[in-house]
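Observations on the three-dimensional arrangement
What follows is each chain in one-letter form.
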There are 2 protein chains.
Amino acid sequence: MKAEIITIGDEILIGQIVDTNSAWIAEQFNLHGIEIYQITSVHDDKNHILEALKNAEEKVDLVILTGGLGPTKDDITKNVLCEYFNTKLVFHEPTFEHIKQRFKNRNIDLNKLNHDQALVPENCTVIPNKAGTAPGMWFEKNDTILVSVPGVPFEMKNLVESEILPRLENNGKAKAIYHKTVLTQGLPESMLAQMIEKWEDALPENIKLAYLPNPMAVRLRLSAIGKDKELLKKQVETEIEKLQKIIPENIFGYDNETLAGVIGEILKKKGKTLAIAESCTGGFISHLITSVAGSSEWYKGGVTAYSNEMKQNLLDVSKEVLDVNGAVSEQAVRKMAEGVSRKLNAHFSVATSGIAGPTGGTKEKPVGTVWIAVAGPDKTVAEKFVFGDNRERNIIRSSQTALQMLRRLVLNS
Amino acid sequence: MKAEIITIGDEILIGQIVDTNSAWIAEQFNLHGIEIYQITSVHDDKNHILEALKNAEEKVDLVILTGGLGPTKDDITKNVLCEYFNTKLVFHEPTFEHIKQRFKNRNIDLNKLNHDQALVPENCTVIPNKAGTAPGMWFEKNDTILVSVPGVPFEMKNLVESEILPRLENNGKAKAIYHKTVLTQGLPESMLAQMIEKWEDALPENIKLAYLPNPMAVRLRLSAIGKDKELLKKQVETEIEKLQKIIPENIFGYDNETLAGVIGEILKKKGKTLAIAESCTGGFISHLITSVAGSSEWYKGGVTAYSNEMKQNLLDVSKEVLDVNGAVSEQAVRKMAEGVSRKLNAHFSVATSGIAGPTGGTKEKPVGTVWIAVAGPDKTVAEKFVFGDNRERNIIRSSQTALQMLRRLVLNS
């Protein structure tokens, strides 16, 4: 099946907004076995929209229109569709009831424009929009399906996910799909790919694997495509079980979990607490930890010791260690971790000391050199890393690596 | 002048990447007085590209093609352009020299594919691509201009900004333009708009104002459009001088500056230092400060005191203050700011204590309640805010507000 996406609205053509809708729709449709032939962005202009519809109709089996469904005068999609299908607008009672209810919940009075949002072309099937006021509309003409949805991204996504794709699946026009994303840590993408190559090659043909790297993790998204969602789910779970046996240390979570959140869950379960001593990461690890709701239950606090003076006064790192080994050293970072645990009376701690850049590097310790230590009740582990020369990336990678080391220690203690 | 953007490449149509290029080009072209009639995304397919070119040629005066210029087999734009213009590829010596030089700088050997990147359609004007290997190409046919640029965003932007737009300006096809962005703090967008309404209404007709709010500041971008760039620059500077008189306290910088960076500049100039005590912001202020390169010169460090125990032990906030007033109180936050200044021996400090949410609120202190204090050599200032119920946004808004208060204190001390 071939589809075309037509986005309607001046805001894309004047560059006021980036068209993220089309990429999202394209990805979803492709996964469901529907090829996107073309994406076309046109103005809120009757003739322009009609022309785009006619061009699309000749080439594809499915047209998805986004935008132009708002209550204001410049939103003309419904009128243009009436002209295109040679029909007229009619009042749709259930849509009006839905709009009234939404306004009532917010204590806002209805006006004429809101009333008109319940008008739809007579030949369409109305698709309820739970996330907004403008309904989706489904048309069929000869062998072509035309679907019109609002341009507001979360309304569009909700309609496509919960209504459009299931209808296409039921009509046999789209395949059923089940996604699950595996979150990994500690292996660069290329090494991970090598380690799981055989597993990947042996995946059933209907399961696709996508690498989704971001600065905090390498994520593996499995998408199973077929007919029966329950079966697909089982299939994916079976493959993930095999993967767990290959990289048991590296999988830290699934879908929308975060490393900081996972560490928090383990600490909570064990009844243990955490403290942080940061130098080069400058508070970013503490920020990641405190981004987890409820972290005050297991996070005692942190110290950003940017100066040697602070490392001595607040973390009890001795002047001798700093003078002999320097602040960026195994000895210093171990003392920082142990010091912050002791001072804050925490069971676990993590400490960083390094040269984030762009200046401050030496021949022995170039920009990107970072020492990280994690300390628990039984032991302290320290490791040296050499990242790149970009300050921002060095801060992110150091923080991520520190949380990886911390998770491993907390898990195995 | 009317233009169409045609993006070439399967990666957009399978939803692998979001087409940010088109929005950027659309914005730039619109500012230069060129209207974008349509944006069309097509596959790496000869007939599809030819069809899109023919459709565009009938409707617009300028076609900008992005993508399909890489060295691999699926990049077919150059061959398609030869067919479209009925011409052939020829070897372009200066482009080859440029490619050779780039490879030499990286110590990589050239191969046949790199050699072929120096082939261009015979009828084009080659536009050197300083940021990459594939050159831009400029064609003219009857009254239509066709420009082909690489799809890699920073290469495309560089070519459009430094070569394409200046050429269009010189040909009288595009207007000259000068941008400057004013960064403001401390006024919500609606209040700012009210305060500067008269100034905005009195702006010369050729200067456009755009509000660009982001979580850290409300930015006002002035774009002057005309013929002579030097004159436009003077015009913009004159208007900004008038604006400074209306909101002297609220403008903290221009273009790509940050609040943390501006605070650092002031501290450096005055030879003063900073310390931070965070509770609800959890390290985020420290992260913003240490994102500024060279901040170790004036930033002593910070304490994230998530527990009362830490507020007592590390910041000398008395148990009495915490028991009587609570951690989220004017008294506590003042003591935190003064305590961290004293402990870390810093001239200035900032402290936060609040309820980020989603839980932990009470009737008297609902989620979003935040106390912020800034302390300097002469005084401590504290203020209470009530933000929303979203944890992430509360952390960002509290941090931003704290930096705003800090800038004002540092500036006036």
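What counts, and at which threshold
- Residues numbered from 1 in each chain as written.
- Chains lettered and ligands numbered in written order.
- Predicted model: local features only at pLDDT ≥ 70, side-chain atom pairs only at ≥ 80, totals over all residues.
- Heavy atoms only, no water.
- Helix = DSSP H or I, 4+ residues; strand = E, 2+ residues; numbered from the N terminus.
- Rg over C-alpha atoms; globule rule 2.2 N^0.38 Å.
- Buried < 20%, exposed > 50% of the residue type's maximum accessible area, 1.4 Å probe, protein only.
- Contact = heavy atoms within 4.5 Å.
- Areas by Shrake-Rupley, 256 points an atom, 1.4 Å probe, with all protein chains shown as cover.
- Lys, Arg positive; Asp, Glu negative; His and termini not counted.
- Charge placed at Lys NZ, Arg CZ, Asp CG, Glu CD.
- Domains from an automatic or database assignment.
- Buried area = accessible area lost by both parts, 1.4 Å probe.
- UniProt positions renumbered as here; feature names shortened; annotations may be inferred.
- Pairing = 2+ DSSP bridges.
- Axes fitted to C-alpha atoms, helices over the stretch in contact; angles between N-to-C directions.
- Least-squares fit on C-alpha atoms with pLDDT ≥ 70 in both.
- Core = buried A, V, L, I, M, F, W, Y, C linked by side-chain atoms within 4.5 Å.
- Salt bridge = Lys/Arg side-chain N within 4 Å of Asp/Glu carboxyl O.
- Polar contact = N/O pair within 3.5 Å; in protein donor to acceptor, adjacent residues only side chain to side chain.

1. Remarks on the overall build of chain A
When you go through chain A residue by residue, the secondary structure sums to 16 helices and 17 strands. Expected size for 413 residues packed as a compact globule is a radius of gyration near 22 Å; at 28 Å, chain A overshoots this value by more than 25%. Each principal axis of the C-alpha distribution contributes one length, and for chain A these read about 85 × 55 × 45 Å. Residue burial in chain A is summarised as follows: out of 413 residues, 54% are buried. Pairs at least 24 residues apart make up 66% of the contacts formed inside chain A by residues separated by at least 6 positions. Carbon and sulfur atoms form 48% of the exposed surface of chain A, whose accessible area is close to 18400 Å². Of note, chain A has its 49 positive side-chain charges centred 6 Å away from the centre of its 53 negative side-chain charges.

2. Some thoughts on the environment of N21(B)
All names here are of chain B. Following the sequence through the fold, N21 ends up in helix α2 (residues 20-31). You can call N21 buried: its relative accessible area is 8%. Along the chain, N21 and Y37 lie 16 residues apart, while their C-alpha atoms are 16 Å from each other.

3. Notes on the domain arrangement of chain A
All names here are of chain A. Per the domain assignment, the segments making up chain A are domain 1 (2-170), domain 2 (176-254) and domain 3 (259-412). Centre-to-centre separation of domain 1 and domain 2, based on C-alpha positions: 34 Å. Across the contact, 5 residues belong to domain 1 and 7 residues belong to domain 2. Taken together, both faces of the contact between domain 1 and domain 2 bury some 500 Å²; the carbon and sulfur share is 53%. Three residues stand out in domain 1 for area buried against domain 2, namely L31, H32 and E169, and they jointly supply 79% of the buried area on that side.

4. Regarding the environment of I251(B)
Residues and elements named next belong to chain B. Here I251 is to be found in strand β12 (residues 251-254). Exposure remark for I251: the relative accessible area of 9% places this residue in the buried category. Each C-alpha atom of the pair I251 and K269 lies 19 Å from the other, and the pair is 18 residues apart in sequence. Leave out the neighbours within four places in its chain, and I251 touches V182, L183, T184, L243, Q244 and R407.

5. Quick word on the UniProt feature "domain: MoaB/Mog" (unreviewed entry) in chain A
Following the UniProt record, one finds the feature "domain: MoaB/Mog" (unreviewed entry) at residues 4-171 of chain A. Taken end to end, residues 4-171 of chain A has its terminal C-alpha atoms 18 Å apart, with 45% of it in helix and 23% in strand.

6. Let's talk about the sheet that holds strand β15 (residues 348-354) of chain B
Strand order in the open sheet formed by 10 strands is β17(A)-β16(A)-β15(A)-β13(A)-β14(A)-β14(B)-β13(B)-β15(B)-β16(B)-β17(B), with mixed pairing between adjacent strands. Two strands close off the open sheet at either side, each with one partner strand: β17 (380-386) of chain A together with β17 (380-386) of chain B. When strand polarity is set aside, the average angle formed by the axes of neighbouring strands in this sheet is 10°. Across 5 bridges, strand β13 (residues 274-278) of chain B lies against strand β14 (residues 299-305) of chain B in parallel orientation. Residue pairing across strands places A275(B) opposite G301(B), the latter belonging to β14(B). Its contacts with the sheet place helix α16 (residues 391-412) of chain B against β13, β15, β16 (369-375) and β17 of chain B, and it is angled at close to 25° to β16(B).

7. Focus: the relation of the copies chain A and chain B
With an RMSD of 0.2 Å, the operation that places chain A on chain B is a rotation of 180° combined with a shift of 0.1 Å along the axis. Viewed as a symmetry operation, the transformation between the two copies matches a two-fold axis.

8. A look at unusual backbone geometry
Residue and element names in this part refer to chain A. For the bond running from G357 to P358, omega is 0°, close enough to zero to count as cis. Mapping P358 onto the fold places it in the loop between β15 (348-354) and β16 (369-375). Look at N86: it is not a glycine, yet its phi comes out positive at around 55°. Within the secondary structure layout, N86 lies in the loop between α4 (77-85) and β4 (89-91). For D255, which is not glycine, the phi dihedral falls at a positive 50°. With respect to the element layout, D255 can be found in the loop between β12 (251-254) and α11 (259-270). The partly exposed category is assigned to D255, whose relative accessible area is 38%.

9. With respect to the nonpolar core
One finds V303(A), L315(A), V303(B), L314(B) and L315(B) to be the most contacted residues of the largest nonpolar core, which totals 52 residues. Sequence-distant contacts of V303(A), defined by excluding residues within four places in its chain, comprise I276(A), A277(A), E278(A), M310(A), L314(A), L315(A), V340(A), G302(B), V303(B) and L314(B).

10. Quick word on the interface of chain A and chain B
On the side of chain B, 56 residues touch chain A, which itself brings 56 residues to the contact. Each partner contributes to the roughly 4200 Å² buried at the junction of chain A and chain B, and carbon and sulfur atoms together form 54% of this total. For the interface between chain A and chain B, the tally reads 4 salt bridges. E51(A) is the partner of K59(B) in a salt bridge, and the nearest nitrogen-oxygen pair spans 2.9 Å. In this assembly, chain A and chain B are joined by 32 residue pairs in polar contact (both at pLDDT 80 or more). A per-element tally of the side of chain A that touches chain B places strand β2 (residues 35-42) of chain A first, with 8 residues. One ladder, built from 3 bridges, connects β2(A) with strand β2 (residues 35-42) of chain B; its direction is antiparallel. Counterpart to I39(A) in the pairing with β2(B) is S41(B).

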